[in-house]
Amino acid sequence: MNLEQLRLFACVAEYGSLTKAAVALDSQQSVVSRQLSSLEAEFGGRLFYRTGRGVSLTELGTTLLPRAQRLLRDIEDLAEDMKAHADVPGGDVRFGILPAFSYPLVNQLYRQTRERYPRVKLHLFEGSNGQLQEWVASGRVDIALLYRYESIDSASERVLGKTDAYLVGSAGDRVTSQPTITFRELENLPLVVPSTPNALRSSLDQLARRAGISLTIAMEADSLPIQKSIVADGGLYTIIGRQAVTREIDTGLLQASRIVDPAIERTAILLATTQRSYTIATRAVTGLIEPLAINLLARYPANS
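Just so we're clear, the structure is a prediction, and the values are computed from it rather than from any experiment.

Counting its regular elements, the chain contains 10 helices and 12 strands. Viewed in the frame of its principal axes, the chain has a C-alpha envelope of about 70 × 45 × 35 Å. When the 304 residues of the chain are sorted by exposure, 48% land in the buried category. Residue pairs at least 24 apart in sequence account for 75% of intrachain contacts in the chain once pairs closer than 6 positions are excluded. Roughly 15200 Å² of accessible area belongs to the chain as shown, and the carbon and sulfur atoms make up 49% of that amount. Each charge sign in the chain was given a centre, from 33 positive and 33 negative side chains, and these centres are 2 Å apart.

Shown next, in the form of structure tokens:
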């Protein structure tokens, strides 16, 4: 077994077709088929089921693919790190981020990365808290910027700051016209919130039980743009971080009140995967992300 065979295995899995994999590898289908058969003989079992529509992973292939992909990524990272010592950081960095942090952090990060580390290629993944944690755990992303509602106890979690949640309503809405609103005042308000399981939903449910009130979930939406669009039409409210609606508030589309008594405090963290090496490129990009996120959070800190 060699690296070229592993690359072939990963490529066939990605495309689900020997023909497409052969094109991507600039080879012939017959050559790819022979190499794959040789690799299967070495592994002692079939890696793919052959069908009329292409190929699909067997149980053995499904088990081995993540390890092969991780090995290939580590080899690529090692090569980039070796180049970086003689030149500048380079290679792929996969960064996961919550929609609430995307603006203006992503734009700023791209500009700074392009100016300071032109050989680094950013891959951006936007998702919910739960998705980001899964992607970090599996190694799909190298680092992720997300919220924690519970205590921080992992060495791989870098605390960037704390921020409170806000009740967001449409422009001119009476309920959100004041700077703050108590948690008890959320009772009977029609809310659009993420579906379960979700860290914010769990926190809201716990606080509601402690306060002895019931929250009215009028709609579930896991998309931040959808939540903001529905709230802007009037009649519904959502609960998100103030930085997530900066543009909409500045343009008069939405307004927000900080939730108090009790506040819904979240800790923003930068979480690194343990499934692949922490490369020079990843370290360089992390050094750019941290001050950008800290500055963004500082605009609307907890208990402000």
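The next thing to look at is helix α8 (residues 224-232). Count 3.6 residues to each turn of an α-helix, and residues three or four apart come out pointing the same way. Among the residues of α8, L224, Q227, K228 and V231 are the ones counted as buried. Each buried residue of α8 sits inside an arc of 95 degrees when the element is viewed along its axis, so together they form one side. Tucked inside the fold, the buried residues of α8 contact α5 (99-116), β6 (157-170), β8 (190-193), β10 (238-241), α9 (246-250) and β11 (254-260). Just downstream of α8, G234 is the residue with a positive phi angle, here 95 degrees.

Looking now at the side chain of T267. One can find T267 in strand β12 (residues 265-272). A polar atom in the side chain of T267 sits 2.9 Å from the side chain of K162.

Of the pockets and cavities examined, the largest pocket occupies roughly 600 Å³. If you trace the largest pocket, you find 28 residues lining it, with L98, S128, N129, P194 and N198 closest to the centre. Counting only elements with at least two residues in the lining of the largest pocket, the list comes to α5, α6 (129-138), α7 (199-211), α8 and β10. Examining the composition of the lining of the largest pocket, we find that five residues originate from one element, α6, more than from any other. Of the residues assigned to the lining of the largest pocket, the class counts are 13 nonpolar, 11 polar and four charged. When its volume is computed, the second largest pocket comes out at roughly 460 Å³. Of all elements in the fold, only α1 (3-15) and α4 (59-86) reach the threshold of two or more residues within the lining of the second largest pocket. For the lining of the second largest pocket, the class distribution of residues is five nonpolar, three polar and six charged.

Moving on: unusual backbone geometry. Backbone torsion omega between Y103 and P104 reads 0 degrees, so that peptide bond is classified as cis. If you trace the backbone, P104 turns up in helix α5. Positive phi values are uncommon outside glycine, yet N188 reaches one of about 75 degrees. Secondary-structure assignment places N188 in the loop between β7 (180-182) and β8. Residue class for N188 comes out exposed when judged on its relative accessible area of 61%. Here the phi dihedral of D261 falls at roughly 50 degrees; this positive angle occurs in a residue that is not glycine. Checked against the element boundaries, D261 lands in the loop between β11 and β12.

Glancing now at the pattern of salt bridges. Taken as a whole, this structure holds eight salt bridges when the rule is applied. Taking the shortest distance from any N to any O, the salt bridge between R148 and E157 comes out at 2.6 Å. Exposure remark for R148: the relative accessible area of 9% places this residue in the buried category. On the accessibility criterion, E157 (12% relative accessible area) is buried.

Rules behind the numbers
Residues numbered from 1 in each chain as written. Predicted model: local features only at pLDDT ≥ 70, side-chain atom pairs only at ≥ 80, totals over all residues. Heavy atoms only, no water. Helix = DSSP H or I, 4+ residues; strand = E, 2+ residues; numbered from the N terminus. Buried < 20%, exposed > 50% of the residue type's maximum accessible area, 1.4 Å probe, protein only. Contact = heavy atoms within 4.5 Å. Areas by Shrake-Rupley, 256 points an atom, 1.4 Å probe, with all protein chains shown as cover. Lys, Arg positive; Asp, Glu negative; His and termini not counted. Charge placed at Lys NZ, Arg CZ, Asp CG, Glu CD. Arc of directions from axis to C-beta. Polar contact = N/O pair within 3.5 Å; in protein donor to acceptor, adjacent residues only side chain to side chain. 1 Å grid on protein atoms, 1.4 Å probe; cavity = no way out; pocket = protein on both sides within 12 Å on 5 of 7 lines; lining within 4 Å. Points joined across faces, edges and corners; volume = space filled by probe spheres on them. Nonpolar A, V, L, I, M, F, W, Y, C, P; charged D, E, K, R; others polar. Salt bridge = Lys/Arg side-chain N within 4 Å of Asp/Glu carboxyl O.

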